[in-house]
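Results of the structural survey
What follows is each chain in one-letter form.
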Amino acid sequence: MTTVGSLTRTQLGERLAGSGIHLRTGHFTTLLRSPIGSVADGIHLLYNDYPLREGFADFHLDLVRPVTLRRWVRPQVTLLYDGRSMFKPLPLDQAFPMFEWGLNWCVSSRANRYLIVHAAVVEKGGRAAILPAPPGSGKSTLCAALVGRGGWRLLSDELTLLRLDEGVLYPLPRPISLKNASIAVIRDYVPGSVMSRAVTDTVKGTVAHVRAPADSVARASETALPAWVVFPRFEAGSSVTAEPMPPVETFMQLAQNCFNYSLLGAEGFTALADLVERSQGYRFRYGVLDEALAFFDSLP
Amino acid sequence: MASSWRLVPGQALLHRGWDDAFVLYNDLSGDTHLLSDGAMAMLIALRDGDVTPDELAAPEVAELLATLRQLDLIEPC
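Residues numbered from 1 in each chain as written. Chains lettered and ligands numbered in written order. Predicted model: local features only at pLDDT ≥ 70, side-chain atom pairs only at ≥ 80, totals over all residues. Heavy atoms only, no water.

1. Describing the pairing of strand β9 (residues 127–132) of chain A
Residue and element names in this part refer to chain A. Let me state the cut-off plainly: Buried, partly exposed and exposed residues are distinguished by accessible area as a fraction of the type maximum, computed with a 1.4 Å probe on protein chains only: under 20%, between the cut-offs, and over 50%, respectively. Numbering of helices and strands runs from the N terminus; a helix is a DSSP stretch of H or I covering at least four residues, while a strand is a stretch of E covering at least two. When DSSP finds two or more bridges between two strands, those strands count as paired.
For β9, the buried fraction is high: 5 of the 6 residues fall into the buried class. The pairing of strand β8 (residues 114–124) with β9 spans 6 bridges and is classified as antiparallel. Bridge pairing links valine 122 to alanine 129 in β9. Counted along the chain from β8 to the antiparallel partner β9, the turn is 2 residues long, and its residue glycine 125 has a positive phi close to 60 degrees. Summarising the sheet, β9 and strand β16 (residues 225–234) pair through 4 bridges and their orientation is parallel. Across the sheet, residue isoleucine 130 finds its bridge partner in β16, namely valine 229.

See below:
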C-alpha cells in the first residue's frame, strides 16, 4: 500500500501542485491539489501514515491563491470544492487549517449515510465513548489526552459517524485540532506528540493540529459500538464529577449536536434512539487531565 | 374546547420512551418533542380509538390537549 510517507516532501509538493493526491481518510477519499507550500508541509507532517489511492474520489478540493490585486500585499488562500469557491478566502498562512476545516465540511454536509454528531469519539475494547461539546468545552484537549496517554483509539476528534443501517460507529481518524491554551497543555502532557506549526489570528484563535496515532490510522476500517456519551466541560482547578444523564436528555442534547439530524428525518430519529439505548450518558466536569483519564478507565 | 380529537393525518407517532419520559418524532413538522408519559398515553389512545368523548371533555385534560394541538400532533374533528 502506498502511503503519504512513501513520498519525499519534494515529491509530495510536486504531486500536490500537479495532478494531486488521492488521500484516504477513513472511508473517504479526497482528491487534493494545491501549489501552496504550507499545505504540503502539513500533509507531509500529519498524514504520513495515510494511504494514497487512485481513481474515484468522494471529494475534490483545491487550495489556491486567488488572482486578485490583493495577492501582492495581503496574500490569501481559497478553497475550491468541485472547482467552485464555497467559502470566503482566508489569509495565506491559514491554508493548512483551511484544508482541515474544508474536509470537515465535505463530510458533515455530504456523508448522509451516517448520522453525524459534532463530537470526538474514542474506543477501547470495541466500545466507544462519544464526547459531544460546543467549542471551548475541552473536547479536543480531552480527546488528545485519551489517545495520547490513555490508551484509547482515535475514531475522530470532530465528526462522530453513526452508520444508519448498522448502528455502528465508523472511524474517521484525522489530526486533532487544538486551540489557544490547549496547544501548550497537550505539548506538555503528551511529549511525543507530533504537532503542526501554530497558526495565529484565525477565527478560532491560534490553532495547531496533532498527528493521529499511527495505530488509529491503521485501524481506520474497524468499527466500534457506542457505549458512553460523555458531555465534557473543562473548568480549571475543578475535580472530576460525572453525573449520569437520563436517556431523554442524552437524546435531546445529542440531537442538538448533530449536523444532519433534521435532514435525515425519521431515519435519524431511529438511529439516534438506538444509540441512546445502547449508551450511558454523563454530564462530565474536569479540571485535571490525569483525573479525567482515570474516570474514563473506570467506565463500566 | 372541542370534545372530539384525532391525530393529525400522516402522524406515525414514532417514539421511544425511557424512565417515564418520551421523545417523539413529528412526521409533519420534522421536530422532535419531549413528552411526559401522560401525553404519550393520550396520543396512543387517540390513535387506537381508546378514549371516550367524556374523557376528552374532562377539564383536567384540556391543557394537555391544547399543548398537543400546538405541537401539530392532534386536531379537532
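2. Comments concerning the packing of aromatic side chains
Quick reminder of the rule: Here is the rule: rings of Phe, Tyr and Trp (six-membered ring for Trp) pair when centre to centre is within 6.5 Å. Planes less than 30 degrees apart are stacked, more than 60 are edge-to-face, and the remainder are tilted.
Taken as a whole, this structure holds 20 aromatic pairs over all chains when the rule is applied. Note on phenylalanine 251 of chain A and tryptophan 18 of chain B: the rings are 6.3 Å apart at their centroids and 40 degrees apart in plane angle, and the pair reads as tilted. With phenylalanine 251 of chain A in helix α7 (residues 247–256) and tryptophan 18 of chain B in strand β2 (residues 14–18), the pair connects residues from two separate chains. Judged by centre distance (5.9 Å) and plane angle (15 degrees), the rings of phenylalanine 284 of chain A and tyrosine 286 of chain A are stacked. For the pair shown, phenylalanine 284 of chain A and tyrosine 286 of chain A are each scored as buried. Linked through ring pairs, Trp152, Trp228, Phe234, Tyr282, Phe284, Tyr286, Phe295 and Phe296 of chain A together constitute an aromatic cluster.

3. Section: the state of the cysteines
Residues and elements named next belong to chain A. How we decide: Disulfides are defined in this document as cysteine sulfur pairs within 2.5 Å.
According to the stated counting rule, one finds 0 disulfides over all chains in the structure shown. With no disulfide of its own, cysteine 143 lies 18 Å from the sulfur of cysteine 258, the closest cysteine sulfur. Owing to a relative accessible area of 0%, cysteine 143 belongs among the buried residues under this scheme.

4. A short note on the domain arrangement of chain A
All names here are of chain A. Under the convention used in this document: Domain segmentation is taken from an automatic or database assignment of domains. It only takes one pair of heavy atoms within 4.5 Å for two residues to be counted as in contact. By convention, the term buried area covers the 1.4 Å-probe accessible surface removed from two parts as they join, with the contributions of both added. Think of a salt bridge as a Lys or Arg side-chain nitrogen and an Asp or Glu carboxyl oxygen that are within 4 Å of each other. For this analysis, a polar contact is any N or O atom pair within 3.5 Å, provided that within protein one partner can donate a hydrogen and the other can accept it, and provided that sequence-adjacent residues contribute only side-chain to side-chain pairs.
The domain architecture assigned to chain A consists of domain 1 (4–111) and domain 2 (114–298). The distance between the C-alpha centroids of domain 1 and domain 2 comes to 25 Å. Contacts between the two partners involve 21 residues from domain 1, matched on the other side by 31 residues from domain 2. Taking both sides of the interface into account, the surface hidden between domain 1 and domain 2 amounts to around 2300 Å²; carbon and sulfur atoms contribute 62%. Three residues, His27, Leu46 and Trp101, lead the burial of domain 1 against domain 2; their summed loss comes to 24% of the area buried on that side. Applying the counting rule to domain 1 against domain 2 returns 2 salt bridges. For glutamate 100, the salt bridge is made with arginine 174, and the minimal N-O distance between the two is 2.7 Å. Summed over the shared surface of domain 1 and domain 2, the result is 8 residue pairs in polar contact (both at pLDDT 80 or more). Residue assignment for the side of domain 1 that touches domain 2 shows that the elements contributing at least two residues are α2 (37–46) and α3 (95–110).

5. Observations concerning helix α5 (residues 181–189) of chain A
Residues and elements named next belong to chain A. Definition in use: The arc in question is formed by the directions pointing from the helix axis toward the C-beta atoms.
For α5, every residue scored as buried is listed here: Ser182, Ile183, Ile186 and Tyr189. Taken around the axis of α5, the buried residues stretch over an arc of 145 degrees, which confines them to a single face. For α5, the exposed residues set more than 90 degrees away from the buried face come down to Ala181 and Asp188.

6. Some points on the pattern of salt bridges
Should the charged atoms of two oppositely charged side chains come close, the side chains can pair. Residue and element names in this part refer to chain A. Here the structure, examined in full by the defined rule, presents 21 salt bridges over all chains. Across the pair arginine 33 and aspartate 62 runs a salt bridge whose closest N-O atoms are separated by 2.9 Å. Of the two residues, arginine 33 sits in strand β2 (residues 28–33) while aspartate 62 sits in strand β4 (residues 59–64), which places them 29 residues apart along the sequence. A relative accessible area of 29% means that arginine 33 is categorised as partly exposed. With a shortest N-O distance of 3.7 Å, arginine 149 and aspartate 290 are connected by a salt bridge.

7. A word on the sheet that holds β2 of chain B
The test is simple: Axis angles are defined between N-to-C directions and span 0 to 180 degrees, where every axis is a line fitted to C-alpha atoms and, for a helix, only to the segment in contact.
Taken together, 3 strands build an open sheet; the order of strands is β2-β3-β4 (chain B) and the sheet is antiparallel. Both edges of this open sheet fall to β2 and β4 (32–36) of chain B, since each of them pairs with a single strand only. Put simply, the sheet's adjacent strands are angled 25 degrees from each other on average, direction ignored. Alignment of β2 of chain B against strand β3 (residues 21–25) of chain B, held across 5 bridges, turns out to be antiparallel. Considered in β3 of chain B, the bridge of histidine 15 of chain B is made with leucine 24 of chain B. Sheet strands touched by α7 of chain A: β2, β3 and β4 of chain B. Its angle to β3 of chain B, the strand with the most contacts, is close to 30 degrees.

8. Quick look at the interface of chain B and chain A
On the chain A side, the residues contacting the 12 residues of chain B number 13 residues. A combined buried area of about 1200 Å² lies between chain B and chain A, and 72% of that area is made up of carbon and sulfur atoms. When residues of chain B are sorted by the area they lose upon contact with chain A, Arg16, Trp18 and Tyr25 of chain B head the list and together hold 50% of the total. For the pair chain B and chain A, the interface holds 2 salt bridges. Between glutamate 277 of chain A and arginine 16 of chain B there is a salt bridge, with its nearest N and O atoms 3.1 Å apart. Counting across the interface, chain B meets chain A through 4 residue pairs in polar contact (both at pLDDT 80 or more). Residue assignment for the side of chain B that touches chain A shows that the elements contributing at least two residues are β2, β3 and β4 of chain B. Here the side of chain B that touches chain A takes 5 residues from β3 of chain B, the largest share from any one element.

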